[in-house]
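Coordinate inspection notes
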Amino acid sequence: MATVLLATACGNGSDSGGGSSADTATLDLTKAPTSTTTVKVGVLGLVADAPFFVADTLGYFKDQGITVDFQTFQSGADMIPAIASGQLDVGWGQYTAGLFNAFGRGIDVKLVASAGSVDAKTTSGLYVSTKSGLAPGDAAGLAGKKLAVNGQGLGAQAYLHMMLKKNGIDDKSVNVQVLSLPNQVAALASGAIDGAFLVDPLTGAVLGQGTGKKFATNYEMAGNTEHQIAGVLYSPQFSGKTDTASRFMMAYLKASNMVNKAFGDKDPTALQDVAKGLMAHVQTVKSADALKGYYVTGGSADVDTASIDMFLGAFKELGLVTAPNVDYKKYIDTSFGEAAQRALGASTGAASGG
């Protein structure tokens, strides 16, 4: 995956001003914070919020002088206006048509880090009903079939388009319907739909019930390409508080590392720690055992523009991005993550005697 680190100039470098690479380069985040700040964070109340919830429950935010005020939204798209207006300090969302259209309209937010990625271990993707007659990977067989997505302009449509385009199939030949995720599972079982784009743990539920089978994962539909799928967003006001914004990223990245150990490396101790964070905030998670059907990735300090271009290109070809010019790169500012990484590296070195 081609990683590109970009930083945009934002101001004078104090907590009341703006942030840029030069501003954050002078910060000493290895020193304990001298005050406590409340940060308003948008979440979905799902396992996908894991880095935020883990950082809160395990005290990573507290260590950085941050008290988190979690505010729950129905979707990442709903967070964007709240972040731009300063109602939220931090939020996150997938690279959707709505986000690109917002960038095209000039909405004032900063894209500061990734919030998850897709790789060969990913299980989310297109699952088809056992009654559909579809064979896994047979893209040509999708013509005339009914497939469900849980919203317009979301990643599922982009992945479907990528797969169909690669196989020379017209998007219009597939009947795409909007259906909520829980209803998709029931519709697959009854044969009311031929396929659905599912996320964990619904993937495991469908396979366990024997009502569906994997057709292609998101990784496979993207041409077996590892890529980022979402970003962490800062409000313009919070971006100006360079010390607090960088400390927030320290806690977020530390928790993301824990998430990656838990799900990617199958580290049982890390999984227990992640479960603590999720049990405190997600009602459906009652124990670490409840997470065995999930594959979740944490965020990282980089923003991969190749991944963004992949989604932007797909949505443009589908006619879902209507803004004539989407110069998203001017909204990227990875300086907070870079400062956080320097501090985390220094802390690790000091602890090991290096």
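Residues numbered from 1 in each chain as written. Predicted model: local features only at pLDDT ≥ 70, side-chain atom pairs only at ≥ 80, totals over all residues. Heavy atoms only, no water.

Here we take up helix α11 (residues 242–263). End to end, α11 covers 31 Å across 22 residues, agreeing with the expected 32 Å (1.5 Å per residue, within 8%). The element α11 is extensively covered by neighbouring structure, given that 17 of its 22 residues are classed as buried. (Helix = DSSP H or I, 4+ residues; strand = E, 2+ residues; numbered from the N terminus. Expected span 1.5 Å × (residues − 1). Buried < 20%, exposed > 50% of the residue type's maximum accessible area, 1.4 Å probe, protein only.)

So, about the confidence of the model for the chain. Here the chain averages 90 in pLDDT, while 92% of its residues score no lower than 70. In this model, residues 1–22 is a region of pLDDT below 50 whose contacts with residues beyond four sequence positions or in other chains number 72 contacts. A low-confidence stretch, residues 349–354 (pLDDT under 50), is modelled with one contact involving residues beyond four sequence positions or located in other chains. (pLDDT = per-residue confidence, 0-100. Contact = heavy atoms within 4.5 Å.)

This part is about the sheet that holds strand β6 (residues 125–129). Strand order in the open sheet formed by five strands is β8-β7-β9-β6-β10, and the pairing between neighbours is mixed. A strand with exactly one partner marks an edge of an open sheet, and here the two such strands are β8 (175–178) and β10 (212–217). Direction aside, the axes of adjacent strands within the sheet are offset by 30° on average. Sheet analysis places β6 next to strand β9 (residues 195–198), joined by four bridges and oriented antiparallel. Among the inter-strand pairings, Leu126 is bridged to a residue of β9, identified as Phe197. Set on the sheet, helix α6 (residues 155–166) makes contact with β6, β7 (146–149), β8, β9 and β10; between it and β7 the angle comes to about 140°. Relative to the sheet, helix α7 (residues 181–190) contacts β6, β7 and β9, its axis offset from that of β9 by approximately 145°. (Pairing = 2+ DSSP bridges. Axes fitted to C-alpha atoms, helices over the stretch in contact; angles between N-to-C directions.)

Structurally, Tyr294 is set in the loop between α12 (268–279) and α13 (305–317). The exposure class of Tyr294 is buried, given its relative accessible area of 13%. Between the C-alpha atoms of Tyr294 and Lys165, which are 129 residues apart in sequence, the distance is 29 Å. Contact partners of Tyr294, with chain neighbours within four places excluded, come to Val47, Asp200, Pro201 and Phe263.

Of note, the bond from Asp200 into Pro201 is cis; its omega dihedral lies within 30 degrees of zero at 5°. Within the secondary structure, Pro201 sits in the loop between β9 and α8 (202–209). Positioned with a positive phi, Asn224 is a non-glycine residue whose angle comes to about 55°. Tracing the sequence through the fold places Asn224 in the loop between α9 (218–221) and β11 (227–228). Classification of Asn224 by relative accessible area gives partly exposed; the value is 46%. In this structure, Lys266 is a non-glycine residue whose phi angle is positive, near 55°. Relative to the elements of secondary structure, Lys266 occurs in the loop between α11 and α12.

A large share of strand β12 (residues 230–234) lies buried, amounting to five of its five residues. A two-sided burial pattern is seen for β12, the buried positions comprising Ala230, Val232 and Tyr234 on one face and Gly231 and Leu233 on the other. By the bridge criterion, five bridges tie strand β3 (residues 90–94) to β12 in an arrangement that is antiparallel. Residue pairing in the sheet places Trp92 in a bridge with Val232 of β12.

The next point concerns the packing of α6 against α13. Contact geometry for α6 and α13: axes closest at 9 Å, N-to-C directions at 80°. In terms of orientation, α6 and α13 fall into the roughly perpendicular class. For the pair α6 and α13, the contacting residues are Gly155, Ala158, Tyr159, His161, Met162 and Lys165 in the first and Met310, Phe311, Ala314, Phe315 and Glu317 in the second. Partitioning the contact of α6 with α13 into residue classes produces seven nonpolar, two polar and two charged. (Parallel < 35°, antiparallel > 145°, perpendicular 65-115°, else oblique. Nonpolar A, V, L, I, M, F, W, Y, C, P; charged D, E, K, R; others polar.)

To continue, consider the pattern of salt bridges. Taken as a whole and judged by the stated rule, the model has five salt bridges. For Asp273, the salt bridge identified is with Lys276, shortest N-O distance 3.8 Å. Placement of both Asp273 and Lys276 in helix α12 is noted, with a separation of three residues, approximately one turn of the helix. The class of Asp273 is buried, set by a relative accessible area of 17%. Notably, a salt bridge pairs Asp289 with Lys292, separated by 3.2 Å at the nearest N-O pair. In this structure Asp289 comes out as exposed when scored by relative accessible area, which is 54%. (Salt bridge = Lys/Arg side-chain N within 4 Å of Asp/Glu carboxyl O.)

You can see Phe103 is positioned in helix α5 (residues 97–104). A C-alpha to C-alpha distance of 35 Å links Phe103 and Gly293, two positions 190 residues apart in sequence. When neighbours within four sequence positions are excluded, Phe103 is seen to be in contact with Val109, Val326, Tyr328 and Tyr331.

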